[in-house]
Amino acid sequence: MAVAGGSGGDGGRGRSCFVLGASGETGRVLLRELLARQLFARVTLIGRRWLSLGEETGEAVEQVVVDFERLSEHAAAFLGHDVGFCCLGTTRAKAGVDGFIRVDRDYVAQAAQLAQAGGCKHFLLQSARGANQDSHFLYLRVKGEVESLVQAVDFDRCTILRPAMLLCKRQESRPMELIVQRFLGVVAWVFPTAYSVPVEMVARAMVASVLQPGKGKVEVLENRDIHKLGKAVPQQGT
Ligand SMILES: NC(=O)c1ccc[n+]([C@@H]2O[C@H](COP(=O)([O-])OP(=O)(O)OC[C@H]3O[C@@H](n4cnc5c(N)ncnc54)[C@H](OP(=O)(O)O)[C@@H]3O)[C@@H](O)[C@H]2O)c1
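Residue indices begin from 1 for each chain and proceed along its sequence in written order. Side-chain atom pairs in this predicted model are given and counted only at pLDDT of 80 or more, local residue features only at pLDDT of at least 70, and totals for whole chains, interfaces and linings cover all residues. Only hydrogens and water are removed before side-chain values are computed, so all heavy atoms of the structure are retained for them.

Draft legend 1. Quick peek at the nonpolar core. One finds Val19, Leu30, Leu34, Phe40, Leu45, Phe85 and Leu161 to be the most contacted residues of the largest nonpolar core, which totals 34 residues. Mapped onto this core, the elements with two or more residues apiece are strand 1 (16-20), helix 1 (25-36), strand 2 (42-47), strand 4 (83-86), helix 5 (199-211) and helix 6 (223-232). Broken down by element, this core gets its largest block of residues, nine residues, from helix 5. By size, the runner-up hydrophobic cluster in this structure holds 26 residues, among which are Val108, Ala111, Ala115 and Val150. Definition used in this section: a nonpolar core is a set of buried Ala, Val, Leu, Ile, Met, Phe, Trp, Tyr and Cys residues joined via side-chain atoms within 4.5 Å. Relative accessible area decides the class of each residue, using a 1.4 Å probe on protein chains only: under 20% of the type maximum gives buried, over 50% gives exposed, and in between gives partly exposed. Strands here are runs of E lasting at least two residues and helices are runs of H or I lasting at least four, both read from the DSSP assignment and numbered beginning at the N terminus.

Draft legend 2. Highlighting helix 3 (residues 138-152). Helix length check: helix 3 (15 residues) gives 21 Å between terminal C-alpha atoms against 21 Å at 1.5 Å per residue, within 8%. Here helix 3 has its buried residues at Leu138, Val142, Lys143, Gly144, Glu145, Val146, Glu147 and Val150. Residues of helix 3 that are buried sit in contact with helix 2 (92-117), strand 5 (122-126) and strand 6 (157-161). Working rule for helices: expected span equals 1.5 Å times residues minus one. In what follows, residue pairs with any heavy atoms lying within 4.5 Å of each other are defined as contacts.

Draft legend 3. Layout of the pairing of strand 6. Counting buried positions along strand 6 yields five of five residues, so the element is predominantly enclosed. Of the two faces of strand 6, the one carrying Arg157, Thr159 and Leu161 and the one carrying Cys158 and Ile160 are both buried. Throughout, right-handed denotes a crossover for which the path from the first strand over the helix to the second runs clockwise when the strands point away from the viewer. Once you follow strand 5 into helix 3 and on to strand 6, the crossover reads as right-handed.

Draft legend 4. Spotlight on the sheet that holds strand 2. Two strands make a pair as long as DSSP finds a minimum of two bridges between them. Read from one edge to the other, the open sheet built from seven strands follows the order 3-2-1-4-5-6-9, with strand pairing classed as parallel. The open sheet terminates on both sides in strands that have one partner only, identified here as strand 3 (61-65) and strand 9 (218-221). Each adjacent strand pair in this sheet contributes to an overall mean axis angle of 15°, direction not counted. For strand 1 and strand 4, the ladder comprises four bridges, and the chain directions are parallel. Bridging from a neighbouring strand, Cys17 pairs with Val83 of strand 4. An axis is simply a line fitted to the C-alpha atoms; with a helix, the fit covers only the stretch in contact. Between two such axes, the angle follows the N-to-C directions and lies from 0 to 180 degrees. Strands strand 4, strand 5 and strand 6 of the sheet are contacted by helix 5, whose axis makes an angle of about 160° with strand 5. Of the strands in this sheet, strand 6 and strand 9 touch helix 6, which is tilted by about 95° from strand 9.

Draft legend 5. Layout of the site of the ligand. If a single non-hydrogen atom of a residue is within 4 Å of a molecule or strand, that residue counts as near it. Within the structure, the ligand sits among 27 residues, and Ser23, Thr26, Arg48, Arg49 and Arg170 are positioned closest to it. Under the rule applied, a polar contact is a pair of N or O atoms within 3.5 Å (in protein, one hydrogen donor and one hydrogen acceptor; residues adjacent in sequence only if both atoms are side-chain atoms). A distance of 3.4 Å separates an oxygen atom of the ligand from a polar atom in the backbone of Gly21. With respect to the ligand, the backbone of Gly24 contributes an N or O atom lying 3.2 Å from an oxygen atom. Protein contact buries 88% of the 920 Å² of open area that the ligand shows by itself. Counting only elements with at least two residues in the shell around the ligand, the list comes to helix 1, helix 2, helix 3 and strand 7 (165-167). By the convention adopted, Pro, Cys, Tyr, Trp, Phe, Met, Ile, Leu, Val and Ala count as nonpolar, Lys, Arg, Asp and Glu as charged, and the other residues, Gly among them, as polar. When grouped by side-chain class, the residues that make up the shell around the ligand number 11 nonpolar, eight polar and eight charged. With residues, only the protein chains shown are counted as cover, and all accessible areas are computed by Shrake-Rupley using a 1.4 Å probe.

Below, the structure is given as structure tokens:
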């Protein structure tokens with residue numbers, strides 16, 4: 001498969017990307033996809049901690065550990081990437097209301113600004129289904145707010161993915177999510193694209209988005225679009 005394009009999926013121009021949230025459920029799978037497909041010559045993981053990666057990740061991967069509370073001091077980490085993937089996020093249960101807003105909105109918006117200033121042409125944001133800055137629900141409101149903030153950053157291309165419930169074997173214990181996941185995992189046999197999406201599909205949709213020419217400056221991919229796009233790239237090993 002060709003090396004990913006910078007802003008328009010035009011193969012061969014883009015050489016470098018960064019991933020925010022590479023230690024998370026989606027980010028981990030995304031990193032695997034990027035490396036297996038050799039889409040970029042350089043993949044920079046920007047995170048709050050060092051990750052132990054297998055030797056198979058090779059020399060293409062660089063890690064930069066940053067203090068997200070002082071992100072502006074880490075502008076160099078965002079320099080010179082053609083594409084930026086953001087799978088960052090926390091939960092209200094884990095971080096409290098303020099912490100959730102700080103991570104899911106402020107960190108992401110600041111990172112987007114630094115990325116654009118550093119030359120990033122295409123920014124992909126993993127948001128959530130139902131994101132709406134006017135929502136009464138904190139989660140959906142914050143997701144809507146961060147979408148607006150990221151859209152306002154002048155990227156050549158901005159892709160916003162709005163997955164429904166993520167299906168994955170989560171490392172972290174989230175009992176309620178596990179119950180809903182199990183239920184929706186069964187529902188997915190009947191309505192595969194309606195209420196949930198495997199993290200592998202989200203990661204592949206991100207890859208497909210980078211490989212394809214953009215449809216306008218801002219593109220919003222709803223859950224069904226993610227399924228459709230994710231199927232557009234072959235699974236590894238098939
Ligand atoms: N769960 C769902 O069903 C669902 C559905 C739709 C959309 N989403 C959204 O999709 C995105 C990705 O979800 P996911 O479940 O794949 O993510 P995840 O597994 O929760 O991973 C989140 C990532 O964000 C990082 N992070 C969390 N708190 C941080 C902090 N204070 N400072 C710096 N980094 C921090 C984590 O780093 P560490 O490893 O260092 O903690 C990790 O890399 C999130 O924005 C989420 O809201 C989730």
